[in-house]
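Spelled out from the first residue to the last, the chains are:
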Amino acid sequence: MCGFVGFTNTKNNSNKIIEEMMEKIRHRGPDSGGKHIDEDIALGFRRLSIIDITSSGDQPIYNEDKSKVLLFNGEIYNFQSIREELIKKGHTFTTKTDSEVLLHGYEEYGENLLNKLRGMFAFVIWDTKTKELFGARDFFGIKPLYYANMSGTFMFGSEIKAFLVHPDFKKELNESALENYLTFQYSPTTETFFKNVYKLPAAHYFKYSNGKLSVKRYWDIHFNADAQPDLDEWVNRISDTFKNSVEAHKISDVEVGSFLSSGVDSSYVAAVANVDKTFTVGFGEDERYNEIGWAKDFSKYIGKENISKVITPEEYWNVIPQVQYHMDEPLADPSCIALYFVCNKASEYVKVVLSGEGADEIFGGYNVYKEPLSVPAYNLIPRPIRRGIGAVAEKLPAKRGINFLVRKGKDLEERFIGNAYMFSEKERKALLKIKTNAPDATVITRPFYDKVKDKDAVTKMQYLDLHLWMTGDILLKADKMSMANSLELRVPFLDKEIMSLAEKIPTKYRVTDENTKFAMRKAALRSAPPQTANKKKLGFPVPIRVWLKEDKYYNIIKESFSSPAAQHFFNTEILIHLLDEHKNGQHDNSRKIWTIFIFLVWYKVYFEDNK
């Protein structure tokens with residue numbers, strides 16, 4: 001696991017610039033660094049040694065005649081078979097790394113190489129003869145890749161913060177990203193919080209030549225249920241395919257550990273992986289926020305050592321600015337900070353960990369996926385009547401029954417934008433002092449819904465989450481928090497072979513009235529105890545709503561909400577009202593409060609403290 005940066009080169013001091021950019025991402029690769037500079041491009045690399053840990057695995061890597069140069073972040077789990085295929089075709093390898101198959105593979109197959117790969121990756125290849133830059137990002141967006149074109153310089157890399165030291169970089173806040181963020185809790189489009197800086201989408205590649213950029217998709221998810229196999233057969237297939245994926249994800253020349261919570265996903269990974277160490281964090285002694293007891297019992301069950309840490313409130317709050325620095329963009333998911341701590345603890349013992357990200361999106365694990373199945377008789381009421389009832393209900397004080405009527409009065413495409421829905425368009429317009437050109441949420445989600453318009457509601461929700469929520473929230477924090485601690489995080493559920501299988505599983509075996517991830521849980525029962533395999537999904541619980549009622553943390557937030565930055569962007573009387581309502585127990589506004597607070601922390605880090 002590594003990090004890279006680069007820019008098209010017209011600078012006399014390019015060596016100094018690339019060194020400064022590399023230094024900004026040293027945490028991604030503290031073991032070694034390398035660079036390539038010519039009259040057209042400057043490339044920089046930081047390495048965390050995992051496979052072929054000798055210096056022969058350092059980057060940049062060149063082909064035989066040094067006409068092509070590679071920078072690569074990630075792991076290719078089927079590199080050995082591709083390597084053998086390429087050797088038979090006459091390619092000469094100089095290292096034992098997985099990286100080199102990308103270089104020779106691109107020589108042999110061009111962009112068609114991408115569909116041969118199994119793994120997580122972001123990489124660029126520079127052709128010194130054609131002066132063309134090729135870059136690609138993996139199927140699910142596990143590894144990040146950013147780019148910007150400023151003052152005639154094309155910059156690219158693993159983290160945005162590396163761009164900030166380039167003399168052609170112009171740092172400006174993208175206010176449209178702020179408005180989108182207030183609804184989604186993350187930046188949901190290819191734009192970032194920095195104006196004119198973009199994310200290469202998952203499963204896309206780019207080509208840059210003669211000042212022109214083209215971006216194309218090379219792979220997509222296609223849900224197409226197969227009704228022939230029965231439940232037992234699906235469980236067998238999930239079990240076999242998952243075991244194969246875990247074995248592939250364990251390939252390493254260093255020790256591999258595993259994260260572990262009380263949930264089925266990480267438990268299934270840890271049990272099948274058979275690693276020596278598991279890692280868990282929690283808060284206090286309340287079982288709603290502390291899964292350490294569960295994790296220790298489970299580790300004992302599978303005969304492994306569990307290493308844990310109880311995070312104090314002070315530790316959590318003190319590290320928030322540092323976490324937002326590493327994130328590059330604000331992310332209002334409270335579990336992001338908890339993930340930082342478990343990564344930090346694991347990094348004391350191992351260089352690689354396995355984790356359970358992706359299982360919910362692929363197999364249908366979120367509790368909200370059961371919503372379309374709830375009270376099916378209500379769906380028999382004609383749509384115009386349901387919409388009328390919902391419109392009336394929306395004007396009443398929010399509570400459980402009223403919320404049901406509001407949701408059922410809207411089409412899925414109107415009400416579901418993913419697992420987080422912070423502020424509605426109306427709310428965010430009232431909240432913001434600034435005016436932006438941000439589209440409403442349905443404009444962002446519509447292209448994804450259009451691709452699955454003939455599918456059932458659960459499948460539509462999964463498809464949307466696989467493309468927005470998972471990449472924008474789940475995988476963003478997984479990469480940034482692990483790399484902040486020089487730790488490689490691998491996600492065996494997010495495997496092409498597993499996705500190919502899951503695409504065919506009928507909805508009735510994914511989500512039922514009984515449970516979510518129905519078939520996958522039954523597969524997990526073969527490796528995990530029933531109390532874990534059948535446990536209701538909790539997520540990564542953090543006691544934010546409790547803390548915000550305490551004077552100490554209430555006052556921290558209130559000070560932030562009264563700051564000059566808050567007064568510039570927001571109508572602060574609304575912010576204070578949300579905060580007071582929460583403290584007084586009138587409404588649980590904790591997630592909305594947190595969304596705004598995290599933006600203000602991030603803004604202070606990048607635009608006030610780092611001018």
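Basis of the calculations
- Residues numbered from 1 in each chain as written.
- Predicted model: local features only at pLDDT ≥ 70, side-chain atom pairs only at ≥ 80, totals over all residues.
- Heavy atoms only, no water.
- Helix = DSSP H or I, 4+ residues; strand = E, 2+ residues; numbered from the N terminus.
- Rg over C-alpha atoms; globule rule 2.2 N^0.38 Å.
- Buried < 20%, exposed > 50% of the residue type's maximum accessible area, 1.4 Å probe, protein only.
- Contact = heavy atoms within 4.5 Å.
- Lys, Arg positive; Asp, Glu negative; His and termini not counted.
- Charge placed at Lys NZ, Arg CZ, Asp CG, Glu CD.
- Phe/Tyr/Trp six-rings, centres within 6.5 Å; stacked < 30°, edge-to-face > 60°.
- Lys NZ or Arg CZ within 6 Å of the ring centre and 35° of its normal.
- Pairing = 2+ DSSP bridges.
- Axes fitted to C-alpha atoms, helices over the stretch in contact; angles between N-to-C directions.

A.B. asks: Pulling in residues and values, what's your account of the overall build of the protein?
C.D. replies: When helices and strands are tallied, the protein shows 26 helices and 17 strands. A compact globule built from 611 residues would reach a C-alpha radius of gyration of about 25 Å, and the protein, at 24 Å, matches this within 12%. For the C-alpha atoms alone, the extent of the protein along its principal axes is close to 70 × 60 × 45 Å. Burial statistics for the protein: of 611 residues in total, 61% are counted as buried. Within the protein, residue pairs in contact and separated by at least 24 positions form 72% of the contacts whose partners lie at least 6 positions apart. Averaged over its 84 positive side-chain charges, the protein has a centre that lies 3 Å from the centre of its 83 negative ones.

A.B. asks: Quick one: what's the story with the packing of aromatic side chains, residue by residue and with numbers?
C.D. replies: Per the counting criterion, the structure on display carries 52 aromatic pairs. Residues Phe163 and Phe169 carry aromatic rings whose centres are separated by 6.4 Å and whose planes lie at 50° to one another, so their mutual orientation is tilted. Here Phe163 falls in the buried class, since its relative accessible area comes to 0%. Classification of Phe169 by relative accessible area gives buried; the value is 10%. Pairing Phe193 with Trp602 gives two aromatic rings, centres 5.2 Å apart and planes at 65°, and the pair type is edge-to-face. One end of the pair, Phe193, is in the loop between helix H4 (175-184) and strand S10 (197-199); the other, Trp602, is in helix H26 (residues 590-608), with 409 residues separating them in the sequence. A single burial state applies to Phe193 and to Trp602, both of which are buried. Across from the ring centre of Tyr109, 4.5 Å away, lies the NZ or CZ of Lys116, which sits over that ring. Stacked on the ring of Trp234, the Lys or Arg Arg237 has its end atom at 5.0 Å from the ring centre.

A.B. asks: Provide a residue-level description of the sheet that holds strand S14 (residues 277-282), including the pertinent values.
C.D. replies: Read from one edge to the other, the open sheet built from five strands follows the order S15-S14-S13-S16-S17, with strand pairing classed as parallel. Each edge of the open sheet carries a strand with a single partner, namely strand S15 (305-310) and strand S17 (488-490). Each neighbouring strand pair of the sheet contributes to a mean axis angle of 30°, computed without reference to strand direction. Pairing geometry for strand S13 (residues 256-259) and strand S16 (residues 352-354), over three bridges, is parallel. Within S16, the position partnered with Ser258 by the bridge is Leu354. Taken strand by strand, helix H6 (residues 264-273) contacts S13, S14 and S16, and its axis lies near 155° from that of S13.

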